Amino acid sequence: MQVEQISIFIENKSGRLAEVTRVLGSKGINIRALSLADTSDFGILRLIVDQTDLARATLKEQGFTVSKTEVVAVEVPDQPGGLAGILEVLDKSGINVEYMYAFVERCGGNAVIIFRFDDPVSAIRVLTDNRLKILEGERLYGM
Amino acid sequence: MTAYFHEEFETMPRAALEALQLKRLQQTVARVYEKVPFYRETLGKAGIQPEQIRSLDDLRRLPFTVKQDMRDAYPYNLFAAPMDEIVRIHASSGTTGKPTVVGYTKKDIDTWAELMARTFVTTGVHQGDIIHNAYGYGLFTGGLGAHYGAERLGASVIPISGGNTARQLMIMQDFGSTVLTCTPSYSLYMAEEAREAGIDFRDLKLRVGIFGAEPWSEDMRKDIEGKLNLHALDIYGLSEIMGPGVAIECIEAKNGLHIWEDHFLAEIINPDTGEVLPDDATGELVITTITKEGIPLLRYRTRDITSLTREPCICGRTHARLTRMSGRSDDMLIIRGVNVFPSQIESILMRIEGVEPHYLLVVDRHDNLDTLEVQVEVDEQIFSDEVKVLQALAQRIEKEIKDFLGVTSKVRLVEPKTIARSEGKAKRVIDNRK
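Residues numbered from 1 in each chain as written. Chains lettered and ligands numbered in written order. Predicted model: local features only at pLDDT ≥ 70, side-chain atom pairs only at ≥ 80, totals over all residues.

**Describing the overall build of chain A**
What counts, and what does not: Runs of H or I in DSSP of at least four residues are treated as helices and runs of E of at least two as strands, each being numbered from the N terminus. Counting other C-beta atoms within 10 Å of its own, a residue is labelled buried from 20 upward, exposed at 12 or fewer, and partly exposed in the gap between, with every C-beta atom placed from the backbone. Each residue is represented by a C-beta atom placed from its backbone, and any two residues with such atoms within 7 Å are regarded as in contact.
Of regular secondary structure, chain A possesses 5 helices and 7 strands. Ordered by position from N to C terminus, the α and β elements of chain A give β-α-β-β-α-β-α-β-β-α-β-α. Taking the principal axes of its C-alpha atoms as reference, chain A extends roughly 45 × 30 × 25 Å. Taken over 143 residues, chain A has a buried fraction of 29%. By sequence separation, contacts in chain A at least 24 residues apart represent 69% of the contacts at least 6 residues apart.

**Quick word on the overall build of chain B**
To be explicit about the condition: To get the radius of gyration, use the C-alpha atoms; to get the globule rule, take the number of residues to the power 0.38 and multiply by 2.2 Å.
Each helix and strand counted, chain B has 11 helices and 21 strands in total. Relative to the 2.2 N^0.38 estimate, which gives 22 Å for 434 residues, the radius of gyration of chain B is 23 Å and therefore close to what a compact globule would have. Once the C-alpha set of chain B is aligned to its principal axes, its extents read approximately 70 × 60 × 45 Å. Here chain B holds 434 residues, and 42% of them are scored as buried.

**With respect to the interface of chain B and chain A**
Selection criterion: The classification used treats Ala, Val, Leu, Ile, Met, Phe, Trp, Tyr, Cys and Pro as nonpolar, Asp, Glu, Lys and Arg as charged, and all other residues, Gly among them, as polar.
Listed per partner, the contact involves 15 residues of chain B and 14 residues of chain A. Where the side of chain B that touches chain A is concerned, the elements lending two or more residues are α11 (387–405) and β20 (410–414) of chain B. Per-class residue counts for the side of chain B that touches chain A are 7 nonpolar, 1 polar and 7 charged.

**Section: the sheet that holds strand β5 (residues 179–182) of chain B**
Residues and elements named next belong to chain B. Threshold: For two strands to count as paired, DSSP must find a minimum of two bridges between them. For helices, the fitted axis covers only the stretch in contact; all axes are lines through C-alpha atoms, and the angles between them, taken along N-to-C directions, range from 0 to 180 degrees.
Sheet architecture is open: 9 strands sit in the order β4-β3-β5-β6-β7-β8-β9-β14-β13, paired in mixed fashion. Strands with a single pairing partner mark the edges of an open sheet, and in this sheet they are β4 (156–158) and β13 (308–309). Across 4 bridges, the pairing between β5 and strand β6 (residues 208–211) is parallel. Across the sheet, residue Leu-180 finds its bridge partner in β6, namely Gly-209. Across the sheet, helix α9 (residues 218–228) touches β6 and β7 (231–238), and the angle it forms with β7 is around 125°.

**Brief notes about the domain arrangement of chain A**
All names here are of chain A. The test is simple: Where each domain starts and ends comes from a domain assignment, either automatic or drawn from a database.
The domains assigned to chain A are domain 1 (3–69) and domain 2 (70–136). Its C-alpha centre places domain 1 at a distance of 23 Å from the equivalent point of domain 2. At the interface, 9 residues of domain 1 touch 10 residues of domain 2. The greatest single-element share of the side of domain 1 that touches domain 2, amounting to 4 residues, is contributed by strand β2 (residues 31–38).

Okay, structure coming up:
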C-alpha cells in the first residue's frame with residue numbers, strides 16, 4: 001500500500017539540483033512528484049519517479065547519495081477544507097506526520113498528497129478506517 | 001642593564017654550565033634506569049648502562065623517546081617517583097582520545113615556578129607588576145605554570161584564564177594590568193574587541209606581553225606591538241617537558257628564545273634520519289630533562305622545527321637560543337592554542353559512524369580567531385531521508401569534538417567523492433592561515 005520515493009542528498013552549491021534533473025532526463029525518467037527540504041548547509045531532494053530502480057542506480061553511478069523511502073499517497077477532495085479534514089483524522093489518532101507534499105497529477109476529481117509517517121502501518125489503518133482512499137505506487141508512477 | 005632572577009645560573013660560563021649539565025644528566029639516566037621499567041628496557045636493548053655516560057657526547061647514544069611511548073604508558077607508567085610523591089598531575093591531548101599524562105613532585109613544582117619566574121624576569125617583568133594571566137587554567141599547563149611563576153616572582157597575578165573578552169578588557173582597565181599572558185591570536189582578538197568598545201590600549205598600563213602555545217611570525221609581532229602598545233615576546237613550552245617556561249625571548253635582544261640549559265639539554269636532529277645536526281641547522285628539537293623527578297624524559301622528540309645557536313647574546317645570558325618555531329614535523333594542528341591531531345577527529349567520526357568516513361579539515365582565520373570546518377562526506381551509511389536526523393548528526397559530531405578536544409568546529413556535510421582521494425596518505429587538512 002505504500003509508494004517508493006527516492007531521497008537525494010544535495011550540497012548547497014549551484015548546479016547540483018539541475019544536475020540531478022538532467023541525469024534523470026537523460027535516461028527518460030519522468031518525475032511525478034517533487035519536494036525539496038533545505039537547511040542553510042544542504043538540501044534533501046525527494047522524488048517520486050516512474051522508474052524508481054533505474055533512477056536510483058543512475059544517480060548512484062553519477063556519484064549522488066540516494067536512499068529509498070516508503071511513503072503513503074492519499075486522495076484528498078480538491079476543495080477548501082479537504083486537506084484539513086484528513087489532518088484532523090490523523091491528529092485525533094495521534095499519527096505523526098514527518099513531512100508531506102502534493103502530487104503533480106490529479107486522480108479523478110481529487111488531489112493527491114504524499115505523506116511520510118513515523119508509523120506508516122498505523123497511519124494506513126487509521127486512514128482506511130476513516131474511509132480515506134490510499135493509492136498504490138504502481139498506480140502513481142504511470143499517472 | 002639586564003635584570004636576572006638567577007644571575008649565577010643565567011650567566012654561567014659555558015664550561016661550568018656543561019660540567020653541571022653532565023652531572024645532572026648522569027643523575028637523570030641513573031634515576032630512570034633504576035625507577036622506570038620502560039627506560040631500563042630501552043637502555044638495556046641499546047646496551048647502555050648509566051655509568052657509561054661520561055661526557056655530553058654520550059647523550060646521542062641514548063635512544064629517543066616519542067609521543068607514542070607516552071601514550072603507551074598511560075597513565076602513570078613513565079613516572080620515576082611513587083604516586084605519594086606526585087603532588088600535581090597535568091595532561092595534554094593524545095591522538096587515541098587519551099591524553100598524555102605528566103606528574104610533578106614537590107621539587108618539580110618548585111623548579112617550574114623558579115624557571116617561570118626567571119622567564120618573567122627575562123621579559124622585563126618584575127615584582128610589582130600586575131600579571132593578567134589569560135592562559136587556560138586546568139589540566140593544561142599554561143595557566144597554572146604562569147601562575148606559580150608569577151607568585152614566585154612576587155608579582156600580583158590575576159588568574160583570569162580565557163574567554164569573556166569584554167570582562168577581560170574591563171579588568172585590564174580597572175585592575176591596571178601591566179603584563180599580559182595569552183596566545184598571540186587571542187591578543188589580536190582582544191585588540192579588535194577593544195577597538196569596537198572604544199578602548200585604546202595606549203590608555204592601559206600594559207607594558208609586556210608573553211605569547212605562546214602556537215607559532216607566530218615577526219610580522220605578527222609588529223602587528224601586536226602596534227595594536228596593544230607593549231613589548232611582545234615569544235615563550236615556548238610543552239607539558240611533556242614541563243609546561244610554559246622551557247624557553248623565552250629576552251627583552252634585550254628579542255632575537256631567539258633562551259632555553260634553560262641548566263635544566264634542559266637541547267639537540268636539533270634530522271627528523272627522518274635521527275642524525276644530530278650542528279648549530280644553526282634547522283631540524284626537529286629534541287629535549288632531555290636533567291632535573292625532573294616525576295617524569296624525566298631522555299631525548300624527547302618534540303616534533304617542533306627550529307634551529308639552535310650558541311652565539312653570545314647581548315643580554316649576557318649564556319644559554320643557547322632557539323629560533324622561532326616554524327612548524328611541526330608531524331601533522332599536528334594548533335587551533336586557538338589547542339593541539340589537535342587529524343587522527344583524533346577521525347577517531348571521533350569512526351566512533352559515531354562505525355565506518356571510516358571521508359573527511360577534510362579546513363582551518364582558517366577570521367577576525368584573528370582560528371576556525372575549524374570539518375567536511376564529512378554523506379554516503380549511504382550516514383544518509384537519512386530526514387533533515388533533522390542529518391542536522392542532529394552534524395551537531396553530535398561538533399559536540400564530541402568540543403567535549404573531547406576542547407575545540408569549536410563547524411561540520412559541513414558534503415556530497416560523496418567531493419573530497420579528493422590519494423594513493424598514499426590522504427591529505428586530510430587544508431590550512432588557509434598564513
